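Examination of the molecular architecture
Here's the letter readout for the chains.
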Amino acid sequence: MAADKLRAQGVTVIDLGVGEPDFSTPVHIKDAAKRALDENFTKYTTSAGILPLRQAVCDYINSNFGSDYTPEQCCITVGGKQAIFSGVVSLINPGDDVLLEKPCWVSFPEIVNFAEGRNVMIDTEPTDFHLTTEMVKAAITPKSKLLIINSPSNPTGRVIDPAEFRRIIEVCVEHGLWVISDECYLQFVYPPHRVNSAAALPPELRSRVLISGSLSKTYAMTGWRVGFTLGAKEWVTEILKIQSQSATMAASIAQKAAIAALTETQEPVKEMLAEYRRRAEWFVPALNEIPGIQCSQPEGAFYAFPNIKGLMKACGLATSKEAADLLLHKYGVVCTDGGAFGAEGYLRLSYANSMEALREAVERIKKMAVEEAK
Ligand SMILES: Cc1ncc(COP(=O)(O)O)c(C=O)c1O
């Protein structure tokens with residue numbers, strides 16, 4: 001990786017490219033894993049995941065959102081990514097249309113390609129990246145089979161309001177579509193925006209939605225690889241077939257740790273959210289002070305998604321990839337160019353990093369804006 005090469009040359013590189021928490025997994029979760037090891041809980045489990053964990057997932061979601069999921073509707077997966085992969089592959093036949101927001105997480109279109117579906121991108125730039133019912137309605141054709149929705153969103157940090165979310169799902173159900181709701185960043189929402197899940201929908205809508213959940217971000221557990229699906233029993237049964245013939249199951253030790261994450265104290269989640277918020281409240285206004293940059297305040301997740309078109313023009317840069325490359329090679333800041341997500345003229349800057357690193361990154365971007373101006 002270019003950043004590693006620079007580090008080897010002695011350059012202090014600031015990495016705002018990572019899509020994972022900078023916090024450690026909370027101690028009580030690690031302790032649960034240690035106990036699992038000491039108790040030799042190191043063998044195969046059922047493919048769907050151990051019953052106490054599936055029950056814990058159902059209890060967690062049902063108690064927060066008033067739903068009535070049962071463990072037969074839950075499959076524990078190897079991270080949220082596998083939940084989405086299996087959800088798409090079990091549903092999509094070659095030539096089926098899948099509606100996606102543009103920009104969206106890079107894996108969505110790739111997974112659809114793998115299933116030989118056709119990506120139909122809904123451009124959300126005109127509404128500052130807020131997906132609306134009208135946009136979804138306009139994109140639906142007789143070939144549309146699935147909408148993948150992701151709120152809070154990676155990369156934009158936008159959160160869909162619960163009423164709008166419901167209307168979007170209603171339109172999909174009216175037109176016979178299925179929906180995957182990727183709720184990877186579920187708890188990371190900044191007030192006044194509200195935490196929302198497809199689980200809060202009425203049963204007739206919820207039955208057409210597969211929830212893809214993940215413990216990766218919420219509990220700073222990206223390396224543990226635990227996610228889950230919740231949805232119609234028939235869909236989850238198909239997902240289970242893929243799971244049992246591929247990964248078999250999520251790691252037994254990680255499953256025990258996941259029970260502790262979901263059933264014990266939620267204080268660390270609140271602390272992480274408060275810290276992300278504190279950083280965003282400093283970082284985004286600081287970015288907006290740099291000439292040529294405009295950045296909306298994130299509503300959730302931990303990404304700033306600034307429009308850098310003015311900066312690119314001033315510096316004679318044709319693409320956001322060129323801007324990201326220049327930032328890395330000359331100024332030692334790693335970020336992801338918006339083009340990678342389908343939004344040319346933007347950068348994704350993760351603030352899952354210390355305030356000190358964010359301050360230094362802002363200084364370096366400012367320096368680039370001054371030095372590179374033509
Ligand atoms: C939007 C989104 N969905 C799903 C995932 C998958 O996360 P994991 O497989 O670690 O649960 C990610 C990870 O970056 C993500 O950003």
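Residues numbered from 1 in each chain as written. Predicted model: local features only at pLDDT ≥ 70, side-chain atom pairs only at ≥ 80, totals over all residues. Heavy atoms only, no water.

Here we take up the site of the ligand. Lining the immediate surroundings of the ligand are 14 residues, of which G80, D182, S214, S216 and K217 lie closest. At a separation of 2.9 Å, an oxygen atom of the ligand approaches a polar backbone atom of K81. Here R225 contributes a side-chain N or O atom positioned 2.8 Å from an oxygen atom of the ligand. Taking 400 Å² as the accessible area of the ligand by itself, protein coverage stands at 92%. The element contributing the most residues to the shell around the ligand is helix α4 (residues 79-91), with four residues. The class makeup of the residues in the shell around the ligand is four nonpolar, six polar and four charged. (Near = heavy atom within 4 Å. Polar contact = N/O pair within 3.5 Å; in protein donor to acceptor, adjacent residues only side chain to side chain. Areas by Shrake-Rupley, 256 points an atom, 1.4 Å probe, with all protein chains shown as cover. Helix = DSSP H or I, 4+ residues; strand = E, 2+ residues; numbered from the N terminus. Nonpolar A, V, L, I, M, F, W, Y, C, P; charged D, E, K, R; others polar.)

This brings us to the environment of E275. Within the fold, E275 resides in helix α11 (residues 267-288). Of the polar contacts made by the side chain of E275, one reaches the side chain of R278; its length is 3.0 Å.

Let's shift gears to the domain arrangement of the protein. Domain boundaries in the protein define domain 1 (2-19 + 267-371) and domain 2 (27-263). With 23 residues of domain 1 in contact, the opposing surface of domain 2 contributes 29 residues. In total, about 2300 Å² of surface goes out of reach between domain 1 and domain 2, with carbon and sulfur atoms giving 60% of it. If you look at where domain 1 meets domain 2, you find one salt bridge. The residue E125 makes a salt bridge to K309 at a minimum N-O spacing of 2.6 Å. Between the two partners, domain 1 and domain 2, sit 16 residue pairs in polar contact (both at pLDDT 80 or more). With six residues, α11 is the single largest residue contributor to the side of domain 1 that touches domain 2. (Domains from an automatic or database assignment. Contact = heavy atoms within 4.5 Å. Buried area = accessible area lost by both parts, 1.4 Å probe. Salt bridge = Lys/Arg side-chain N within 4 Å of Asp/Glu carboxyl O.)

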